[in-house]
Amino acid sequence: MTETPPFTTPADATAYAKAVRLAVDSAAAYYADGTSTLDDDAYDRLVRGIAAYEEEHPDEVLPDSPTGKVAGGAVVGDVPHTVPMLSLDNVFGPEQLADWAASLERRLGRPVTAWSVEPKLDGLAISARYRRGRLAQLVTRGDGIAGEDVSHAIGTVVGLPDRLAEPVTVELRGEVMMTTTQFEEACAKRRAHDGTTFANPRSAAAGTLRAQDRPYVCELTFFGYGALPRPDDDSAQAARLRELPHSQVMEWVAAQGVQTTAATPVAGIVAGTLERVQERVGEIAAVRAELPFGIDGIVIKCDLAADQAQAGFSSRAPRWAVAYKLPATEKITKLLAVEWNTGRTGVIAPRAVLQPVELDGSLVTYATLHNASDIARRGLMIGDSVTVYKAGDVIPRVEAPVVHLRTGDERPIDIPQVCPSCGDAIDASQERWRCVRGRACRAIASIVYAAGRDQLDIEGLAENRIRQLLDAGLIADFADLFFLTREQLLGLERMGATSTDNLLAALDRAKGRPLSRVFCALGVRGTGRSMSRRIARHFATMDAIRAADPDAIQQVDGIGPEKAPVVVDELAELAPLIDKLIRAGVNMTEPGATPPTGEAGKTAAGEQPGDAQAADPGTTAALPLASMSVVVTGTMTGPLAALSRNEVNELIERAGGKASSSVSARTSLLVAGGKAGSKHTKAQQLGVPITTPEEFAALVAPLLESPLG
Ligand SMILES: NC(=O)c1ccc[n+]([C@@H]2O[C@H](COP(=O)([O-])OP(=O)(O)OC[C@H]3O[C@@H](n4cnc5c(N)ncnc54)[C@H](O)[C@@H]3O)[C@@H](O)[C@H]2O)c1
Ligand SMILES: [Zn+2]
């Protein structure tokens, strides 16, 4: 398997010239404001094709070819750099990394003593010139030899102080970027100003840094990755900075009050071996999706100044450093269609159908479009080229149309006038559209969900039977199931005495399920299985849940200020259904849980957040998985073999732990059964303890014996 993404070599001189033109134009647009018609992957493949052609036809190389040039030769500047600001060469996998290291060591004639491994921040390079400790000038990279003065941005860049701790004259180099929060704020400001947004954080940062006369100010972030004394500075301080290993230069930078990645989950490290380098690459890749800022790879450098000095530079990049590229999280593809679906709760949501595209290692065909006003705001059309983003476990989303790729054949997106499921009217009073029938619109879906194995687990109640009951007018929601009589059931077609008695018995068992299952069966928007368990454990009774206001609901782990009012509203809407369930004698308590203290009718638990959080003191701390975050993957064996994944998660939570679906640096334990895949690899990379299903069953043995409800 080759590690380099595929590329096409131009067939002849004409195709080569065309490719060079496209590359130069794209790079010019990319560095100006990020409006390139190519995504990074397509650009990189284009340039590799150009390079391959030039290797075969060295006498045909065009003067404006992007190969061997910083920024593809597409950018200029008028402020000369004291030391060139270069690009980085790329590797795409462990073999290429090993090849690169081997050729570097051949050049040095000795092994590299130590490697420094840092995240490759996805912003733009900047040179920050300090004079006697005061920030005097900001210069972009430009063509590497000279950049553009952007000193007007001084004061808007978090992490780049006006004054250093010491009155030194030094040039700091690093990346200017936008964190996720800064990007969202910037988009909101721009939307309020002219109705448009930025395509992505990188181009937002590029545009913001160069913009001089915007009526609104957007905040940026700086992370340092280098410090250079002036070439003519012969002070002891300057000599020291030139001789220190890169890792210690970075400590000095941080001590000056400048932000580095040291305080982030992807802090730079020093690695003694290439194996450790590769391991760190895996660790950084594993947490990428959870970082509050974008990275597009890992930078590997010789740590020692002597190694760097001896390795030197090519015209485009240092020979002592390389960028290990991670798979792209953003690509341009075609919007083929928009589907509108009415969900279980009556919400009508648009979904983008895309020309399939590989993002962060998986093939993406659908992406979320949020709602109708979002589509209008972005001005999307069918047939548009759109940028799509996906990283880790996030749901892929359409970011923006690439407007200048339009051909004129694009068509407006049809916005439904009636509910796509039942044809009734749409309630468009909120951003999130709903069928006026609400949950009743898709009653069948709600009932199938409620009867499912992870909710009420009503054995033998298949979808066609539910449809039959709905059509016969015997039920309208799932609470009605509990009022069905033997006679009513016997009166149905294909329903014999045995099936009837089995179903009635199954319904009787379902009435005794724990509150977590009953709550989950309600299908409250924004609460799935694990959230339902947390809510049930926190409040212990349905009465307590219903009495909670948004503040009180927010005491539950994972419910924020946005979700809390939705849960409260949903419960109000579901009140008749819940009342009916209570009348039917369905259990409304969570075994083993105690209601929050101070809970007496309508008490606002928000006034005593401390009390509310300490829901069941003492008891949880003694449980085998107290305060542990546990992830389960692969096929369960031994005592766990008979349990569904949801039941294993319930077991984890009964044992005091938190069941999670993805491995991160915060995971305490991975239970890995047969055929465990990427989660197992990720846990190994992160050093998360791994256990077998059998060992895990032994650990939670006392709780395994208790009934599953
Ligand atoms: N879409 C397009 O049309 C288009 C056009 C041109 C370039 N590009 C993209 O830009 C890339 C090449 O651009 P480039 O030369 O600006 O960057 P690069 O990928 O060659 O990397 C060099 C840059 O990495 C940055 N960097 C981040 N973290 C660093 C660290 N810890 N240490 C040192 N440097 C660090 C610095 O800004 C440095 O200038 C291409 O891979 C391509 O994907 C895209
Ligand atoms: Zn409807």
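Residues numbered from 1 in each chain as written. Chains lettered and ligands numbered in written order. Predicted model: local features only at pLDDT ≥ 70, side-chain atom pairs only at ≥ 80, totals over all residues.

**Q** Just to check I follow, could you spell out the packing of helix α16 (residues 529–539) against helix α22 (residues 645–654) for this structure?
**A** Each pair of packed helices gets described by two things: the angle between the helix axes and the distance between those axes. Where α16 meets α22, the axes come as close as 11 Å, and the angle between the chain directions of the two elements is 30 degrees. What the angle tells us is that α16 and α22 run roughly parallel. At the point where α16 passes α22, the crossing takes the right-handed sense. Facing R529, S530, R533 and R537 of α16, the residues of α22 in contact are N646, N649, E650 and E653. Residue composition of the contact of α16 with α22, grouped by class: no nonpolar, three polar and five charged. (Axes fitted to C-alpha atoms, helices over the stretch in contact; angles between N-to-C directions. Helix = DSSP H or I, 4+ residues; strand = E, 2+ residues; numbered from the N terminus. Parallel < 35°, antiparallel > 145°, perpendicular 65-115°, else oblique. Left-handed = near helix turned anticlockwise from the far one by under 90°. Contact = placed C-beta atoms within 7 Å. Nonpolar A, V, L, I, M, F, W, Y, C, P; charged D, E, K, R; others polar.)

**Q** Would you take a moment to explain the site of ligand 1 for this structure?
**A** Looking at ligand 1, there are 22 residues lining it, with Y30, S36, D40, S87 and A125 nearest. Secondary-structure elements contributing two or more residues to the shell around ligand 1 are α1 (13–33), α2 (40–56) and β3 (115–121). In terms of residue class, the shell around ligand 1 is built from eleven nonpolar, four polar and seven charged. No fewer than three residues from each of domain 1 (13–74) and domain 2 (80–325) sit in the shell around ligand 1. (Near = placed C-beta within 6 Å. Domains from an automatic or database assignment.)

**Q** I keep staring at the sheet that holds β3 and nothing clicks. Help me out?
**A** Adjacent strands of a sheet pair through backbone hydrogen bonds, lying either parallel or antiparallel. What the five strands build is an open sheet, ordered β2-β12-β11-β3-β10; its pairing is mixed. Edge positions in the open sheet fall to β2 (90–91) and β10 (269–271), since each of these has one partner strand only. Both β3 and β10 contribute to a ladder of three bridges, which runs antiparallel. In the sheet register, V117 faces β10, and the bridge partner there is I269. (Pairing = 2+ DSSP bridges.)

**Q** Is there a simple way to think about the UniProt feature "binding site: Zn(2+)" (unreviewed entry) in the chain in this case?
**A** With numbering matched to this structure, UniProt assigns "binding site: Zn(2+)" (unreviewed entry) to C419, C422 and C441. Taken together, the annotated residues stretch across 23 residues yet fold into one region, lying no more than 8.8 Å apart by C-alpha. Using a count of 22 C-beta atoms within 10 Å as the deciding quantity, one classes C419 as buried. The contacts of C419, once residues within four sequence positions are left out, are T342, I348, D424, I426, C435 and C441. Take C441: it is sitting in the loop between β21 (434–435) and α11 (443–451). Look past the residues within four positions of C441 in its chain and what remains in contact with it is T342, G346, C419, S421, C422, D424 and C435. (UniProt positions renumbered as here; feature names shortened; annotations may be inferred. Buried ≥ 20, exposed ≤ 12 C-beta atoms within 10 Å, placed from the backbone.)

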